Amino acid sequence: MQADLIITNALIVDGSGGAPVRGNLAIQDQRILAVGEFQPPAGANTRDAGGKVLAPGFIDSHTHDDGYLLAHPDMTPKVSQGITTVVTGNCGISLAPLVRDAVPQPLDLLGPPGLFRFATFADWVAHLQAQPAATNVIALVGHTTLRVAVMDDTARAATPREREAMAGLLDEAMRAGAFGVSTGTFYPPAAAAPTDEIIDVCAPLAGRGAIYATHLRDEADHIVPAMEEALEIGRATGARVVFSHHKLAGERNHGRSRETLELITRAAARQPVCLDCHPYPATSTMLRLDRARLASRTLITWSKGYPAATGRDFSEVQAELGLDDEAALARLAPAGAIYFLMSPDDVTRIFQHPLTMVGSDGLPFDPHPHPRQWGTFTRVLRRLVREEGTLSLPAAIHRMTGLAASQYGLADRGLLKAGHYADLVLLDPDTVADLATFAEPVRRSEGIEAVWVNGTLVWNGRAASGARPGQVLRPAGARAAA
Ligand SMILES: [Zn+2]
């Protein structure tokens, strides 16, 4: 056996959901050479895992890291919690294809001005390939980005000519390696898009085994019709529906995850569908009154109009300014916020559904971000697995790895299996923990001892190694379709 590295004495949790087994794992040329109870040859380069858990690298199924990958390629918030692949372009917003100095909300959630400089999706992919990040990337194209690129006025439905232009940009993106489309009809620049516009724009998804990820039009009182719309778009385009950051917003909707998960289970019998979520009872996006009025508490993450509001409660800022919520919003805008509007019981129930993947949904450039950007995966392992016991360790890791890989069509990642890419995380199941909190959101996790991406060490337990072995992944069918 000619291995670059053999990790010995590990508790192997292979990503399939099966029971852990003791064994070794050999890496050679970016891939797993062998895994199991083999004898390392004399003189081999070994690392003793000390009986700790060795798992496939985690796949963050829902991110807004499109611009962060370029600006901070060491990806510390992600590799420090064991993530080796990020899915970008969610909620309708992708960096490409769009060239703009100023962008409307919520596109500004992706980062500061200057990031939107890629006229084609292929330009962005080429840039990432030339200057790789530490993590791999699964890229989606945002429907809102396409609308802003093509339409002079996004407050209306797209004309047939505009739909054709967006479909053309999407087809080009799919050829450049995109895995599919995301929509965010919850947000102003896409709210006027009717179902048939989305179906027309998504025509290039047909026959490609593509993804249709959606931040639903409504996650509160009218969530069921919004889910039915997404399923209809999935059936019309042949794409796999991903219900993004599945949640029930507002107290009067708490408990309705029984109904929505039942709907997903029924839908899964007739079309490809899955969902992602994170383990917090609060969400985060641009500051909006509909969200603030549903929330028990609203925490400001940034404000251009009144920067002193950052990190404080919206109600406290309103009192300080002596303004009602509408006037306070006008004063703070543009701004971002965290909203406490989900029930912990719904979050647990959603996590236990067999089709639920883990997605951080973090906003990496926020000055006072939601802690999910730094702590989602380690919080699942600490809280749901170790403290509450609502998920077993193999089941939690399966959602973060094998399940996500199969949903996104990755044939050679997500499992510890000979021939698969060596995306790996070594962790201590007794100490792994998120340290990021709503009060102190930018803190590294504990208990993630080492992370490898394509066989190269990117996190040594204390710091990013500086290596950038990440690849822009291609859908399994891409070569055949091209
Ligand atoms: Zn979203």
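Quick caveat, the model's predicted, so the values are computed rather than measured.

1. So, the sheet that holds strand β7 (residues 83–88)
Line of reasoning, step 1. Pairing in this open sheet of eight strands is parallel, and the strands run β6-β7-β10-β11-β12-β13-β14-β18 from one edge to the other. Bordering the open sheet on either side are β6 (58–60) and β18 (356–358), each of which pairs with just one other strand. Between one strand axis and the next, the sheet turns through 25° on average, direction left out of account.
Line of reasoning, step 2. Across three bridges, strand β13 (residues 240–243) lies against strand β14 (residues 273–277) in parallel orientation. Note that in β14 the partner of V242 across the bridge is C274.
Line of reasoning, step 3. Contacts from helix α3 (residues 121–130) reach β7 and β10 (136–142) within the one sheet, and its direction differs from that of β10 by about 165°.

2. Looking at helix α5 (residues 160–175)
Line of reasoning, step 1. With 16 residues, α5 ought to run about 22 Å at 1.5 Å a step, and its terminal C-alpha atoms sit 23 Å apart, in line with that.
Line of reasoning, step 2. Every buried residue of α5 is accounted for by E162, R163, M166, A167, L169, L170, A173 and M174. Take α5 and look down its axis: the buried residues cluster within an arc of 160°, on one side only. Seen from the open side of α5, the exposed residues pointing more than 90 degrees away from its buried face are P160, R161, E164 and R175.
Line of reasoning, step 3. On its buried face, α5 sits against α3, β10, α4 (143–150), β11 (180–184) and α7 (195–201).
Line of reasoning, step 4. Of the residues flanking the end of α5, it is G177, one or two places downstream, whose phi is positive at about 120°.

3. Brief notes about the pairing of strand β16 (residues 297–303)
Line of reasoning, step 1. Across the seven residues of β16, six count as buried, placing the element largely inside the fold.
Line of reasoning, step 2. By the bridge criterion, six bridges tie β16 to strand β17 (residues 335–340) in an arrangement that is antiparallel. From the neighbouring strand, S303 faces β17, where its bridge partner is A335.

4. Remarks on the pairing of β11
Line of reasoning, step 1. Of all the five residues making up β11, five are buried; the element is thus mostly covered by neighbouring parts of the structure.
Line of reasoning, step 2. Both β10 and β11 contribute to a ladder of three bridges, which runs parallel. The residue of β11 that forms the bridge with V141 is V181.
Line of reasoning, step 3. Bridge analysis of β11 against strand β12 (residues 211–215) gives five bridges, and the strand direction is parallel. Paired with T183 across the bridge in β12 is T214.

5. Points about the sheet that holds β17
Line of reasoning, step 1. Taken in spatial order, the three strands make up an open sheet running β15-β17-β16, and their pairing is antiparallel. If you trace the sheet from one side to the other, it starts and ends with β15 (282–286) and β16, each paired once. Strand-to-strand twist in this sheet, taken as the mean axis angle between neighbours without regard to direction, amounts to 20°.

6. Overview of the packing of aromatic side chains
Line of reasoning, step 1. Inspection of every chain in the model, using the stated rule, returns six aromatic pairs.
Line of reasoning, step 2. Here Y280 and F438 contribute two aromatic rings whose centre-to-centre distance is 6.0 Å and whose plane-to-plane angle is 85°, an arrangement assigned as edge-to-face. Here Y280, found in the loop between β14 and β15, pairs with F438, found in the loop between β19 (424–427) and β20 (448–453); they are 158 residues apart in sequence, far enough to count as distant. As far as burial versus exposure is concerned, Y280 and F438 are alike and both buried.
Line of reasoning, step 3. Taken together, the ring pairs in this structure connect Y280, F340 and F438 into an aromatic cluster.
Line of reasoning, step 4. Over the aromatic face of Y421 sits the side chain of R31, whose NZ or CZ is 4.0 Å from the ring centroid.

7. Topic: unusual backbone geometry
Line of reasoning, step 1. Cis geometry marks the peptide bond from Q105 to P106, where omega comes out at 10°.
Line of reasoning, step 2. Note on placement: P106 falls in the loop between β8 (98–99) and β9 (117–118).
Line of reasoning, step 3. Omega for the peptide link from A333 to P334 comes to -10°, which places this bond in the cis form.
Line of reasoning, step 4. By the element assignment, P334 lies in the loop between α12 (325–332) and β17.
Line of reasoning, step 5. In the Ramachandran plot, D29 falls in the positive-phi region, its phi being about 50° despite a non-glycine side chain.
Line of reasoning, step 6. Relative to the helices and strands, D29 resides in the loop between β2 (21–28) and β3 (31–36).

8. Some details on the pattern of salt bridges
Line of reasoning, step 1. This structure, assessed with the given rule, holds 31 salt bridges.
Line of reasoning, step 2. D313 serves as the salt-bridge partner of R297, at 3.1 Å between the closest nitrogen and oxygen. You can see R297 sitting in strand β16 and its partner D313 sitting in the loop between β16 and α11 (314–321), a full 16 residues away along the chain.
Line of reasoning, step 3. The exposure class of R297 is partly exposed, given its relative accessible area of 35%.
Line of reasoning, step 4. Take D313: its relative accessible area is 18%, and that puts it in the buried class.

Parameters and conventions
- Residues numbered from 1 in each chain as written.
- Predicted model: local features only at pLDDT ≥ 70, side-chain atom pairs only at ≥ 80, totals over all residues.
- Heavy atoms only, no water.
- Pairing = 2+ DSSP bridges.
- Helix = DSSP H or I, 4+ residues; strand = E, 2+ residues; numbered from the N terminus.
- Axes fitted to C-alpha atoms, helices over the stretch in contact; angles between N-to-C directions.
- Contact = heavy atoms within 4.5 Å.
- Expected span 1.5 Å × (residues − 1).
- Buried < 20%, exposed > 50% of the residue type's maximum accessible area, 1.4 Å probe, protein only.
- Arc of directions from axis to C-beta.
- Phe/Tyr/Trp six-rings, centres within 6.5 Å; stacked < 30°, edge-to-face > 60°.
- Lys NZ or Arg CZ within 6 Å of the ring centre and 35° of its normal.
- Salt bridge = Lys/Arg side-chain N within 4 Å of Asp/Glu carboxyl O.

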